[in-house]
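What follows is the residue order along each chain.
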Amino acid sequence: MAKLYIGDSQGAPAIIKVKEVPKLKFGASGDTLIGDVDENGVLQARTPQTALNFSGITEIGTKTLQYAFYQNPAVKSVDFGSVQNIAQGAMSYCFYGCTNITSVGLSSLQSVDSLGLEKAFYDCKSITGTLNLSSLQTVDYNGMQSTFYGCSGITNVDLNSLQTVGNSGLYSTFYYCTGITSVDLSSLQTVASNGLQTTFNGCTGITGVLDLSSLQRIEGYGLQNTFTNCSGITSVDLSSLQYVGIDGLRQTFMNCKNITSVDLSSLQSGASNSLQQTFANCTGLTTISFPSLTSGRTDRFNNTFMGCTNLKEIHFRADMQAEVEKMSGYSSKWGATNATIYFDL
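Residues numbered from 1 in each chain as written. Predicted model: local features only at pLDDT ≥ 70, side-chain atom pairs only at ≥ 80, totals over all residues. Heavy atoms only, no water.

The next subject is the overall build of the protein chain. Helix and strand counts for the protein chain stand at 1 helix and 22 strands. Put simply, the protein chain has 345 residues, and 53% of those count as buried. For the protein chain, restricting intrachain contacts to residue pairs at least 6 apart in sequence, the fraction spanning at least 24 positions comes to 81%. Summing over all exposed atoms, the protein chain offers an accessible surface of approximately 12,800 Å²; the carbon and sulfur share of this is 44%. (Helix = DSSP H or I, 4+ residues; strand = E, 2+ residues; numbered from the N terminus. Buried < 20%, exposed > 50% of the residue type's maximum accessible area, 1.4 Å probe, protein only. Contact = heavy atoms within 4.5 Å. Areas by Shrake-Rupley, 256 points an atom, 1.4 Å probe, with all protein chains shown as cover.)

Here you go:
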């Protein structure tokens, strides 16, 4: 397997010599177009611009394809099927605004370094069907920031191996991808600051149970507005979550009016405003429990249940009564005006 680099500019083995790709408004010219690469890393006959195949390549080197096909209307399909790692800035803005791309192959991708896929497929509205990212395990700082922003034709996102998201790693990655109906994040364990901020904001097509059952820790602003306006979600499994940093779940499920159940059974502590407006306007929610909550700041529940007009019961441990009653907003039930607070767990 081979690695794709720009000459020897990164001090890495230059198995393939490729011209420096200029940052031109209309993307790569005929002289910079990458061709098919065989299993030995040998550049084959030039590929027509309509179909780009990077077979045999396991890593895209630093800045190798940055802006390479920016707003190029000719590209219709892209296959990175054997690529396992995308290095720093390797594909930043690569296919930005390529509105005729219908398919993207990233099934072997395991890791994305900082800015590796930043806005790489931004506004590629013709991409359709399932996006297979099932091998992806880690995303570094801003690694996939706004990568598929506005790609409304995507219907499913498979991230079932994803475990760690770095700072702003998936920031706005699928923002307003309104065609998405399901997302698999079942292996996700830790989210750094701003890691999933606004990732699926406005994805109104997502329905059913949201499985975040492996997630244990969220740092500051980690899931801020992540699923805001995702009105089709009915249930949220956060059963392994133990800690939430500053504003970690701020407005995460705001306006998700069909959520009827939330599992926060392992949540132990949270920083300032960690649950600020988390479930604002979730009118389908009728009861919620915090059986493991034992410590944390007094201002963690800041309007957490604002607009939850059908929320009737909020349950805490009996031995937490004194501390909970000292929390900011307790007298207003953190916005749940029709709820009763119980200390019976």
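Here the focus is the sheet that holds strand β2 (residues 51–53). Within the open sheet, the 3 strands sit side by side as β2-β4-β6. Their pairing is parallel. Of all the strands in the sheet, the pair left with one neighbour each is β2 and β6 (103–105). Recorded for the sheet is a direction-independent mean angle of 5 degrees between the axes of neighbouring strands. Sheet topology places β2 next to strand β4 (residues 77–79); 3 bridges connect them, and they run parallel. What sits directly across from Leu 52, in β4, is Val 78. (Pairing = 2+ DSSP bridges. Axes fitted to C-alpha atoms, helices over the stretch in contact; angles between N-to-C directions.)

Quick look at unusual backbone geometry now. Although it is not a glycine, Tyr 67 adopts a positive phi angle of roughly 65 degrees. Mapped onto the secondary structure, Tyr 67 falls in the loop between β3 (57–60) and β4. Positive phi, normally seen in glycine, also occurs at Gln 251, with a value near 55 degrees.

Averaged over every residue, the pLDDT of the protein chain is 88; the share at 70 or more is 86%. Throughout residues 6–35 the model reports pLDDT below 50, and contacts reaching past four residues in sequence, or to other chains, amount to 70 contacts. (pLDDT = per-residue confidence, 0-100.)

Here we take up the state of the cysteines. If you walk through the whole model with that rule in mind, you get 0 disulfides. Cysteine Cys 124 shares no disulfide, and the gap to the nearest cysteine sulfur, in Cys 151, comes to 5.3 Å. With no disulfide of its own, Cys 256 lies closest to Cys 282 among cysteine sulfurs, the gap being 5.4 Å. Judged by relative accessible area, Cys 256 falls into the buried class, the value being 0%. (Disulfide = S-S within 2.5 Å.)

Before going further, it helps to spend a moment on the sheet that holds strand β22 (residues 340–343). Here we have 3 strands laid out as an open sheet, ordered β20-β21-β22, and parallel in their pairing. Edge positions in the sheet fall to β20 (287–290) and β22, since each of these pairs with one other strand and no more. Sheet twist, expressed as the mean angle between neighbouring strand axes with direction ignored, is 15 degrees. Two strands pair when backbone bridges link them, and strand β21 (residues 313–316) and β22 are joined in this way by 4 bridges, in the parallel orientation. In the sheet register, Glu 313 faces β22, and the bridge partner there is Thr 340.

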